[in-house]
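A look at the structure
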Amino acid sequence: MKTFATLLLLTILLFTCAFLPLAAQMAGMPDAYFGEKGTTWIDLGEGPDADPVMKLLEDGKILLVGAGQEDTVKGIALVRLLPNGLRDKSFGEAGKSFVPLKGKVADMALQRDGKIVLAGREFNGKNDDFVALRLDASGKLDATFNATGQKRLALEGTEEVQSLCIQDDGRIVLVGHTYTGSWADRNFAVVRLNPDGSEDATFGKQGRKIVDISRYDYASGVCVQPDGRIVVAGHSRSGTFNEFVAFRLDANGKEDLNFASQGVFRKHAGKEHDHCVGLAISGSRIFLAGHTKTGGASHNFDFVAMALHLNGQPDSSFGSQGLKIIDTGGVDYAADLLVQPDGRLLVAGSSGGKFAVIRFTGQGKPDPGFGNGGIAFLDMKGGRTDFASCAELQSDGKILVGGSAGSGVAIARLEGNPYLPGQESVLAFDWKRPVSQVRETYMRMNLAPGFFLQVWVPGSELIAAGTLTRVGGKSFIPVQAAIQRHAYFALGSDFKMTLIWDMRGGIHYYVNGVYLKTEASAR
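Residues numbered from 1 in each chain as written. Predicted model: local features only at pLDDT ≥ 70, side-chain atom pairs only at ≥ 80, totals over all residues. Heavy atoms only, no water.

It is worth spelling out the pairing of strand 10 (residues 158–166) at this point. Of all nine residues that make up strand 10, eight are buried, and the element is covered over most of its length. Two strands pair when backbone bridges link them, and strand 10 and strand 11 (residues 172–179) are joined in this way by eight bridges, in the antiparallel orientation. Bridged to Ser 163 within strand 11 is Val 175. Remark: five residues form the turn of the hairpin made by strand 10 and strand 11, two consecutive strands paired antiparallel; Gly 170 in that turn has positive phi of roughly 90°. (Buried < 20%, exposed > 50% of the residue type's maximum accessible area, 1.4 Å probe, protein only. Helix = DSSP H or I, 4+ residues; strand = E, 2+ residues; numbered from the N terminus. Pairing = 2+ DSSP bridges.)

The next subject is the pattern of salt bridges. Summed over all chains, the structure comprises 26 salt bridges. Between Arg 192 and Asp 200 there is a salt bridge whose closest N-O contact spans 2.7 Å. Accessibility expressed as a relative area gives 1% for Arg 192, which makes it buried. Judged by its relative accessible area of 3%, Asp 200 is buried. Among the ionic pairs, Glu 272 bridges to Lys 293, the shortest N-O distance being 3.0 Å. Separated by 21 residues along the polypeptide, Glu 272 in the loop between strand 17 (264–267) and strand 18 (274–282) and Lys 293 in strand 19 (residues 285–293) bring together distant segments of the chain. Looking at Lys 293, the relative accessible area reads 8%, which means it is buried. (Salt bridge = Lys/Arg side-chain N within 4 Å of Asp/Glu carboxyl O.)

One pass over the full model with this rule turns up six aromatic pairs. On the basis of an interplanar angle of 85° and a centroid distance of 5.3 Å, the ring pair of Tyr 179 and Trp 183 is categorised as edge-to-face. The partly exposed category is assigned to Trp 183, whose relative accessible area is 42%. A connected cluster of aromatic rings, assembled from ring pairs, spans Phe 287, Phe 318 and Phe 360. Lying across the ring of Tyr 216, Arg 237 places its NZ or CZ 4.1 Å from the centre. (Phe/Tyr/Trp six-rings, centres within 6.5 Å; stacked < 30°, edge-to-face > 60°. Lys NZ or Arg CZ within 6 Å of the ring centre and 35° of its normal.)

Our focus in this paragraph is unusual backbone geometry. Look at Ala 94: it is not a glycine, yet its phi comes out positive at around 55°. With respect to the helices, strands and loops of the structure, Ala 94 is situated in the loop between strand 4 (73–81) and strand 5 (96–100). With a relative accessible area of 47%, Ala 94 lands in the partly exposed category.

Now for the nonpolar core. Counting 19 residues, the largest nonpolar core has Leu 346, Val 357, Phe 370, Met 380, Ile 399 and Leu 414 as the members making the most contacts within it. Elements represented by at least two residues in this core include exactly strand 23 (345–351), strand 24 (354–360), strand 25 (375–378), strand 26 (387–393), strand 27 (399–405) and strand 28 (408–414). Each residue touching Met 380, except ones within four places of it in the same chain, is listed here: Thr 39, Trp 41, Phe 355, Asp 386, Ala 405, Ala 410 and Ala 412. (Core = buried A, V, L, I, M, F, W, Y, C linked by side-chain atoms within 4.5 Å. Contact = heavy atoms within 4.5 Å.)

Turning next to the sheet that holds strand 19. Across the sheet, which stays open at both edges, the four strands sit in the order 18-19-20-21 with antiparallel pairing between neighbours. At either end of the open sheet lies a strand with only one pairing partner, and these are strand 18 and strand 21 (323–326). Sheet twist, expressed as the mean angle between neighbouring strand axes with direction ignored, is 20°. Note: strand 19 against strand 20 (residues 301–309), nine bridges, orientation antiparallel. Its bridge partner being in strand 20, Ile 286 is matched across the sheet by Leu 308. (Axes fitted to C-alpha atoms, helices over the stretch in contact; angles between N-to-C directions.)

Limitation: the analysis is restricted to geometry and does not speak to function.
Encoded structure:
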């Protein structure tokens, strides 16, 4: 039965594709319904030096934060966009808000109540300190956070926050590095704040934890596991070159020596320097992303993705012993890491002066159903100054990528693939086996009112044809939009294929819950 089901599945896919036009909106292509032909341009006031970070709000609006300036005052600018990429003029002044700051914001997180938490560095007149700010949903400083809306922390000397996350209980975890004297003496620094901005005395030493891995320690990501343990990732020096590192703290800030080897995961990916830029935890896996210098030219970097088990050991089912290096043909710099609900991994960054996004399967292979062989390039027309710095995933599977481009900031949206809904929202079907005819039998599956799948089986031979048809016609148009346009059917006892129709008539194929491909339906 399994062999029969496999043949049935392949035939369905082959013959349905015969009805599809070539102009399909494939995953990885620019979304023409966003901004101007898939891109929105924004001026934050600092030109290409804005280094933006981005978050997607629950209502689908997009919040972008970066370096800004008003008159001669430097600070941070916040811009909110509508889901279609246009400026949301109900936010701040004509869609923009400004907060003075003698420093830079490196990361952003959203509280459940809609408040905005920012973190980075601020100059104190001599060197930089950790800084965290909280704004209300309108973009104004929140006076319930440390009385001023801002919290500055001097640790050991010069320090900078690179990443933050918010625990389920509202406490805020900041991760970065600190050093006194030489840049080579950097150490990892972790700080936890209470929801009101005060330092959490139950964590580390009065809310602070310094971790010395080696020289040139650099933090780039932090995630909190469901059990409250905190995973931190970055890179550190090993001999002559940097390597990827990760470590874990318990809920009170004590190093977890059961993680990886003696509490620290280390991996040298390339031939020379490694740079870790992102960390994510999904299910039973920890993902790291970055880039590595593979030798040769001075800027010959390639993309890197890694997968670990929750105990810090490499996941051998991903790439080669948990590691995958991708050379796109250009100079590659990773900037952000996302995990889709279906387990696929997205690494966003830049390549050869263009925005670039790579999608990996759960096994660490470039996803052939995305872009060109798993890679999508976006030419922002800014020359070699185009560098992506952030990415976000929409609930419909579309991908937002933002960064510096030319003389300003650009956000692009790529087509993705919708995620499978819960089984309770999937349409039911009928599987009917009519009586044998002269030379063939057929199976007909009613997917929804007015839709059925019909497959001909000529005797005991291989399947000859399969069509998805609307009763009385030959098109694939969606019906009953109120039922979310989903349908699935079982193929034998081992296979299930799901079809999802999107708002513009695209058909997305899943097999056993795993995304397979996207095509556009004929109308």
